[in-house]
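Structural overview for review
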Amino acid sequence: MCAVTPSDWMNNQAKSSSWSDHLVKTIHNPVPSSYFKNRDQGACKLALGISTERPLVLCISGNLEEERKGGNILKEILSSEFDDVNFLLIGRTNNSIADHKENIYSLGFIQDELTMQIAYNAADLVLHPAPIDNLPNTVTEAMSAGTAVLAFQTGGIPEMVVPGKSGWLVPKISAQLMAQELHSIVKSKSYKNLRNS
């Protein structure tokens, strides 16, 4: 019997468990080639009805309030003082997460691939607050669109996010630390330097 994992992290987890006597291979998740299309960032923001004056932080998950996807962390970050950025939320939510702030836009749950591509290209960075994750498609899709990712250094994410090249990693699971890193990124505008890399 053989096991296939989508990340080296999960591969190592399997090899240190009851699968230690079996062959375990890693095959990373694929991304459709359509995500690699170069789209104008400003045009994508305008297509979504979002101002081009401020940086746009995309938060995306099937359910934005799910604890294992960082719902509590995201809610804490959104309640912080971030008047100098816009947030775009994609995923199920009861809308209390946005607190009806003017700089928070919500598209709800989306299955349309073109709208997803426009959102990834409109964003200046993707905020991925999950406290544990294997090899998330949202991170892969973001980077395929040239959008850097801010995430926790957990699970398989360090296999994807290379600090200073494709994003930033927060070493400890903490909403406060992630919010501080986001403030620093926005203030320095370092997301602009990572788009091409």
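Since this is a predicted model, take the numbers as computed values, not measurements.

Conventions adopted
- Residues numbered from 1 in each chain as written.
- Predicted model: local features only at pLDDT ≥ 70, side-chain atom pairs only at ≥ 80, totals over all residues.
- Heavy atoms only, no water.
- Helix = DSSP H or I, 4+ residues; strand = E, 2+ residues; numbered from the N terminus.
- Contact = heavy atoms within 4.5 Å.
- Pairing = 2+ DSSP bridges.
- Axes fitted to C-alpha atoms, helices over the stretch in contact; angles between N-to-C directions.
- Salt bridge = Lys/Arg side-chain N within 4 Å of Asp/Glu carboxyl O.
- Buried < 20%, exposed > 50% of the residue type's maximum accessible area, 1.4 Å probe, protein only.
- Phe/Tyr/Trp six-rings, centres within 6.5 Å; stacked < 30°, edge-to-face > 60°.
- Lys NZ or Arg CZ within 6 Å of the ring centre and 35° of its normal.
- 1 Å grid on protein atoms, 1.4 Å probe; cavity = no way out; pocket = protein on both sides within 12 Å on 5 of 7 lines; lining within 4 Å.
- Points joined across faces, edges and corners; volume = space filled by probe spheres on them.
- Nonpolar A, V, L, I, M, F, W, Y, C, P; charged D, E, K, R; others polar.

Looking now at the side chain of T140. Locating T140 in the fold gives a position in helix α5 (residues 137–144). When residues no more than four places from it in sequence are discounted, the contact partners of T140 are N29, V31 and M160.

This brings us to the sheet that holds strand β7 (residues 148–152). With respect to topology, six strands assemble into an open sheet ordered β5-β4-β3-β6-β7-β8, the strand pairing being parallel. Of all the strands in the sheet, the pair left with one neighbour each is β5 (104–108) and β8 (167–170). Averaged over all neighbouring strand pairs, the angle between strand axes comes to 20°, with direction disregarded. Relative to β7, strand β6 (residues 125–128) is paired through four bridges, and the arrangement is parallel.

Right, let's talk about the pattern of salt bridges for a bit. Using the criterion set out here, one finds three salt bridges in the structure. Across the pair K45 and D124 runs a salt bridge, and its minimum N-O distance is 2.9 Å. One end of the pair, K45, is in helix α2 (residues 41–47); the other, D124, is in the loop between α4 (113–122) and β6, with 79 residues separating them in the sequence. For the pair shown, K45 and D124 are each scored as buried.

Turning to the packing of aromatic side chains, a few remarks are in order. All chains considered together, the criterion is met by one aromatic pair. One residue, R92, lies across the ring of F109, its end atom 4.0 Å from the ring centre.

Moving on, we get to the layout of surface pockets. Roughly 270 Å³ of volume is contained in the largest pocket. The wall of the largest pocket is formed by 16 residues, among which I60, S61, G62, N137 and T138 lie closest to the centre. For the lining of the largest pocket, the secondary-structure elements that each account for two or more residues are β3 (56–63), β4 (86–92), α4 and α5.

So, about unusual backbone geometry. Look at K189: it is not a glycine, yet its phi comes out positive at around 60°. Mapped onto the secondary structure, K189 falls in the loop between α6 (175–188) and α7 (191–194). The exposure class assigned to K189 is partly exposed, which follows from its relative accessible area of 43%.

Quick look at empty space enclosed by the protein now. Summed over all chains, the structure comprises one cavity of 30 Å³ or more. The calculated volume of the largest cavity comes to roughly 70 Å³. For the largest cavity, the full set of lining residues is C59, I60, S61, N63, L64, K69, L74, L127, H128, P129 and A130. Of all the secondary-structure elements, those providing two or more residues to the lining of the largest cavity are β3 and β6. A total of four residues in the lining of the largest cavity trace back to one element, the largest contributor, which is β3. Class assignment for the residues of the lining of the largest cavity results in seven nonpolar, three polar and one charged.

Here we take up the pairing of β6. Residues L125 and L127 of β6 are buried on one face, and the alternating residues V126 and H128, pointing to the opposite face, are buried as well. Bridge analysis of β3 against β6 gives two bridges, and the strand direction is parallel. Pairing of L58 across the sheet is with V126, part of β6.

What follows concerns the pairing of β7. A regular strand places its side chains on the two faces of the sheet in alternate fashion. Across the five residues of β7, five count as buried, placing the element largely inside the fold. Here β7 shows a buried face lined by A148, L150 and F152 and a second buried face lined by V149 and A151. With four bridges joining them, β7 and β8 adopt parallel strand pairing. By the bridge assignment for β8, V149 is matched with G167.

Structural measurements only, silent on function.
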